[in-house]
Amino acid sequence: MKIIVSIKQVPDTSGKVAVNPDGTLNRASMQTITNPDDMNALEAALKMKDATGCKVIVVTMGPPPAAGMLREALAMGADEAILVSAREFGGSDTYATSQILAAAINKVGVEADDVVMCGRQAIDGDTAQVGPQIAEKLHLPQITYAADITKEGNTVTVKRMLEDGYMTIKTQTPCLITCIKELNEPRYMSVSGVFEAYGKPLTTYDYEALKDDPLIDATTIGLKGSPTNIFKSFTPPQKGAGMMLEGADKATCEKLAGILAAKHII
Ligand SMILES: Cc1cc2nc3c(=O)[nH]c(=O)nc-3n(C[C@H](O)[C@H](O)[C@H](O)COP(=O)(O)OP(=O)(O)OC[C@H]3O[C@@H](n4cnc5c(N)ncnc54)[C@H](O)[C@@H]3O)c2cc1C
């Protein structure tokens, strides 16, 4: 049994967010972190490893510096890491990203009792599309918004968070689960884990490594294979300070009505 966890390196938006004049993120000037929901997915996988001794493999698609994030995952306790990186993959939208990640997961191999885990949503792209798209492309059943996961044999039971409650779903492995922060508290790297991380395998899958997978096609990967295009990206103008009217007397109400009427709101 193995758990494959798909993790993404994202800009740390808790610090200063720098924006280029054209409205795109100035990623080079920002610190990076592992996407928060992906840390919960990794922690869930490591808990299963603690309980069963299964193997945990982390995979990311990104530029070569994303290897640093993978080493951190290895230091937390993952057994193997895969960096999916090639010029041909650059500029991919969610459709193309999930094609490439699904091909990488195919290369690792998904067996009968395996689980693929993702975060629910990345804090930069913010679409929550990649996990479900990978599941579709690998023909796996999927459960999203996991707030609790138990696995007994080939049956996985997941408590899904809804807006106003929970739903419990069972499925058979292999399956894909997307995880949310309510699932657990991610562990820290240990000192021994950091040393061990450098002895663990970190493999790079480039275009050559994946090109024979039917999912990898010039028309389905990279900028050219991305069906969505960003037409415009901008920082919204700051809102004004607003206006406060104190009191509930007739004069204040008439003043408020006058302001709303002048703006054609009433
Ligand atoms: C036309 C276009 C061009 C783009 N070009 C670029 C570009 O050049 N560079 C760039 O950085 N972004 C680019 N993007 C954004 C990029 O497509 C998305 O960041 C990416 O597809 C993931 O989508 P998301 O961030 O919304 O992830 P979500 O769908 O919100 O992520 C959900 C989960 O999927 C998994 N996941 C998502 N992405 C990855 C990943 N890369 N590796 C491993 N797991 C992952 C994680 O588990 C994550 O929690 C582009 C987007 C478009 C539309």
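Below is a short write-up of the structure. (Residues numbered from 1 in each chain as written. Predicted model: local features only at pLDDT ≥ 70, side-chain atom pairs only at ≥ 80, totals over all residues. Heavy atoms only, no water.)

Details of the packing of helix H3 (residues 94-108) against helix H4 (residues 130-138)
Running from N to C, H3 and H4 cross one another at 55°; their axes reach a closest spacing of 8 Å. In terms of their interaxial angle, H3 and H4 are classed as oblique. Judged by the twist between their axes, the crossing of H3 over H4 is right-handed. Contacts from Thr-94, Tyr-95, Thr-97, Ser-98, Gln-99, Leu-101, Ala-102, Ile-105 and Asn-106 of H3 reach H4 at Val-130, Gln-133, Ile-134, Lys-137 and Leu-138. For the contact of H3 with H4, the per-class residue count stands at seven nonpolar, six polar and one charged. (Axes fitted to C-alpha atoms, helices over the stretch in contact; angles between N-to-C directions. Helix = DSSP H or I, 4+ residues; strand = E, 2+ residues; numbered from the N terminus. Parallel < 35°, antiparallel > 145°, perpendicular 65-115°, else oblique. Left-handed = near helix turned anticlockwise from the far one by under 90°. Contact = heavy atoms within 4.5 Å. Nonpolar A, V, L, I, M, F, W, Y, C, P; charged D, E, K, R; others polar.)

Let's talk about unusual backbone geometry
Put simply, Thr-173 and Pro-174 share a cis peptide bond, and its omega is 0°. Structurally, Pro-174 can be placed in the loop between strand E9 (165-172) and strand E10 (175-179). For Ala-128, which is not glycine, the phi dihedral falls at a positive 60°. Relative to the assigned elements, Ala-128 resides in the loop between strand E6 (115-119) and H4. For Ala-128, a relative accessible area of 23% translates into the label partly exposed. Unusually for a residue other than glycine, His-139 sits at a positive phi of about 55°. Looking at the secondary structure, you find His-139 in the loop between H4 and strand E7 (142-152). On the basis of relative accessible area, His-139 is assigned to the exposed category, the value being 71%. (Buried < 20%, exposed > 50% of the residue type's maximum accessible area, 1.4 Å probe, protein only.)

Section: the sheet that holds strand E4 (residues 55-61)
One open sheet holds the nine strands; their spatial order is E9-E8-E7-E10-E6-E1-E4-E5-E11, and the pairing between them is mixed. What marks the edges here is a single partner per strand, and that holds for E9 and strand E11 (202-205). Each adjacent strand pair in this sheet contributes to an overall mean axis angle of 30°, direction not counted. Pairing of E4 with strand E5 (residues 80-84) involves five bridges; the strand directions are parallel. (Pairing = 2+ DSSP bridges.)

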